[in-house]
Amino acid sequence: MRILITGAAGLLGNELVQSVQAKGWESIAASRVDWDLAKPEEAAYLIGKYKPDVTVHCAAETNVDKCELEPDWAKLINEDATAALAAAIQAAGSRLVYISSCGIFSGDSRVSYLETDIPKPRTIYAASKYHGELRVQETNPDFLVCRVGWLFGGSLTQKKNFVEARRKEALTGKPMMSANDKWGSPTWAKHAADRIVDLIDISAGGVAHVANAGVVSRHEYVCGILAALNSTATVQAVDSSNFKRAAPVPDFEAISSVRNKDWGMSPLPSWQEALADYVKIYAAIKTP
Ligand SMILES: NC(=O)c1ccc[n+]([C@@H]2O[C@H](COP(=O)([O-])OP(=O)(O)OC[C@H]3O[C@@H](n4cnc5c(N)ncnc54)[C@H](OP(=O)(O)O)[C@@H]3O)[C@@H](O)[C@H]2O)c1
């Protein structure tokens, strides 16, 4: 199997490259140089050049506040580019796996969203990701959409390493604050990538929620990170109105899967177990 991964330098993309290689498949790590999503019309060139069996479309504009301020940009990068890629893949007769987000629901629920729940995006980012899903579904009958939870993990140089960012924040000695009214499912990017690769292996189709088990507030999540790092820093639980944001992000973004049993798969481990396992590796990569 030859698997092309867009956004391969990103947090999840990088883990996917490693998971694909661990499976013994060929990985093609595509970057902005291979295809700039701002030029959707060049998607066909990318697919024609590498002729993958499966493309995992991870690349996206992931800056939620930028998307809110620049809706045309969000649509171009997250929806129009996805539509062009879907068309190119359909024409080539190969498969598309689209990475979507836990953030596409209204956030009004207080129990984890399932694949059977109806999305109702609240932000421009979420709308652009969900519209990307719809473009994929209408173009590629054999699609797989994987909605992932709040991702953590990655190397120390990974720009979006949430654990490393909290460690550095704690080291400043300044008071730390975190929201106690935003809820989600923290998910180790490695676990998400391994699960996505397993779903590809069994040719799973449709929508899949991919997240470590558990529902937690941002505040409890950050406390959990500091505890796992053996930090004595404390974090004040505050209302999210303390963090001024352009995007009205939903209060509740936790997801879980009702489809695991269809595929004969166990739920992913709890976010606490995943974090503990990541921190073991993280300690090793932190030590020169
Ligand atoms: N992180 C989360 O908690 C989370 C939660 C739910 C869903 N997701 C979804 O998961 C996927 C991966 O997220 P992530 O956190 O791994 O994101 P990330 O670290 O921000 O990586 C995004 C990747 O997209 C690439 N990219 C952005 N704009 C591009 C453009 N115009 N042309 C080509 N490539 C471009 C980036 O390239 P550069 O490296 O060159 O910047 C980067 O490699 C995304 O689809 C995201 O919507 C993430």
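Quick caveat, the model's predicted, so the values are computed rather than measured.

Cut-offs and rules
Residues numbered from 1 in each chain as written. Predicted model: local features only at pLDDT ≥ 70, side-chain atom pairs only at ≥ 80, totals over all residues. Heavy atoms only, no water. Helix = DSSP H or I, 4+ residues; strand = E, 2+ residues; numbered from the N terminus. Rg over C-alpha atoms; globule rule 2.2 N^0.38 Å. Buried < 20%, exposed > 50% of the residue type's maximum accessible area, 1.4 Å probe, protein only. Contact = heavy atoms within 4.5 Å. Near = heavy atom within 4 Å. Polar contact = N/O pair within 3.5 Å; in protein donor to acceptor, adjacent residues only side chain to side chain. Areas by Shrake-Rupley, 256 points an atom, 1.4 Å probe, with all protein chains shown as cover. Nonpolar A, V, L, I, M, F, W, Y, C, P; charged D, E, K, R; others polar. Axes fitted to C-alpha atoms, helices over the stretch in contact; angles between N-to-C directions. Parallel < 35°, antiparallel > 145°, perpendicular 65-115°, else oblique. Left-handed = near helix turned anticlockwise from the far one by under 90°. Phe/Tyr/Trp six-rings, centres within 6.5 Å; stacked < 30°, edge-to-face > 60°. Lys NZ or Arg CZ within 6 Å of the ring centre and 35° of its normal. Disulfide = S-S within 2.5 Å. Patch = residues over 30% accessible without salt bridge, like charges linked within 9 Å, V, L, I, M, F, W, Y side chains within 5 Å. Salt bridge = Lys/Arg side-chain N within 4 Å of Asp/Glu carboxyl O.

## Some remarks on the overall build of the protein chain
No. 1: Each helix and strand in the protein chain was counted, giving nine helices and twelve strands.
No. 2: A globule of 288 residues ought to have a C-alpha radius of gyration of about 19 Å, and the protein chain, at 18 Å, matches this closely.
No. 3: Projected onto its principal axes, the C-alpha coordinates of the protein chain cover approximately 55 × 40 × 40 Å.
No. 4: A total of 288 residues make up the protein chain; the buried ones form 51% of that total.
No. 5: Restricting the contact set of the protein chain to residue pairs at least 6 apart, pairs at least 24 apart contribute 82%.

## So, the site of the ligand
No. 1: Near the ligand you find 25 residues, and of these Leu12, Arg32, Thr62, Tyr125 and Lys129 are the closest.
No. 2: Here an oxygen atom of the ligand sits 2.8 Å away from a polar atom, N or O, in the main chain of Leu12.
No. 3: Thr62 places a polar side-chain atom, nitrogen or oxygen, 2.8 Å from an oxygen atom of the ligand.
No. 4: Contact with the protein chains hides 87% of the accessible area of the ligand, taken as 900 Å² for the molecule alone.
No. 5: Those elements giving two or more residues to the shell around the ligand turn out to be helix H1 (11–22), strand S4 (95–101), helix H5 (124–139) and strand S6 (150–152).
No. 6: Top contributing element to the shell around the ligand by residue count: S4, with three residues.
No. 7: Its residues placed into classes, the shell around the ligand shows 14 nonpolar, six polar and five charged.

## Comments concerning the packing of helix H4 (residues 71–92) against H5
No. 1: Look at H4 against H5: their axes get within 9 Å of each other, and the N-to-C directions meet at 15°. The angle between H4 and H5 places the two elements in the roughly parallel class. H4 and H5 meet at a crossing whose hand is right-handed. Across from Pro71, Ala74, Lys75, Asn78, Glu79, Thr82, Ala83, Ala86, Ala87 and Gln90 in H4, the residues of H5 making contact are Ile124, Tyr125, Ser128, Lys129, His131, Gly132, Arg135, Val136 and Thr139.
No. 2: A breakdown of the residues in the contact of H4 with H5 according to their chemical character gives eight nonpolar, seven polar and four charged.

## Section: the packing of aromatic side chains
No. 1: Throughout the structure, instances matching the rule amount to nine aromatic pairs.
No. 2: Here Arg166 stacks its cationic end above the ring of Phe162, 4.5 Å away from the centre of that ring.
No. 3: Arg218 extends its terminal NZ or CZ atom over the ring of Trp150, reaching a point 4.0 Å from the ring centre.

## Quick word on the state of the cysteines
No. 1: Throughout the structure, instances matching the rule amount to zero disulfides.
No. 2: Unpaired in terms of disulfides, Cys58 finds its nearest cysteine sulfur in Cys146, a separation of 9.7 Å.

## What about unusual backbone geometry?
No. 1: In this structure, Ser203 takes a positive phi of about 55° despite not being glycine.
No. 2: Residue position: Ser203 is located in the loop between helix H7 (189–201) and strand S10 (206–210).
No. 3: Positive phi, close to 60°, is recorded for Asn230, a residue that is not glycine.
No. 4: Residue position: Asn230 is located in the loop between helix H8 (218–228) and strand S12 (235–238).
No. 5: Judged by its relative accessible area of 70%, Asn230 falls in the exposed class.

## Considering a nonpolar patch on the surface
No. 1: A contiguous nonpolar surface patch, about 220 Å² in accessible area, is contributed by Leu156, Ile281 and Ile285.
No. 2: Tracing the backbone through its elements, the reader meets Ile281 in helix H9 (residues 271–286).
No. 3: When its relative accessible area of 40% is taken as the criterion, Ile281 is described as partly exposed.

## Things to note about the side chain of Ser100
No. 1: If you trace the backbone, Ser100 turns up in strand S4.
No. 2: Here the side chain of Ser100 touches Glu133 through a polar contact of 2.7 Å, side chain to side chain.

Purely geometric stuff here, so don't read any function into it on its own.
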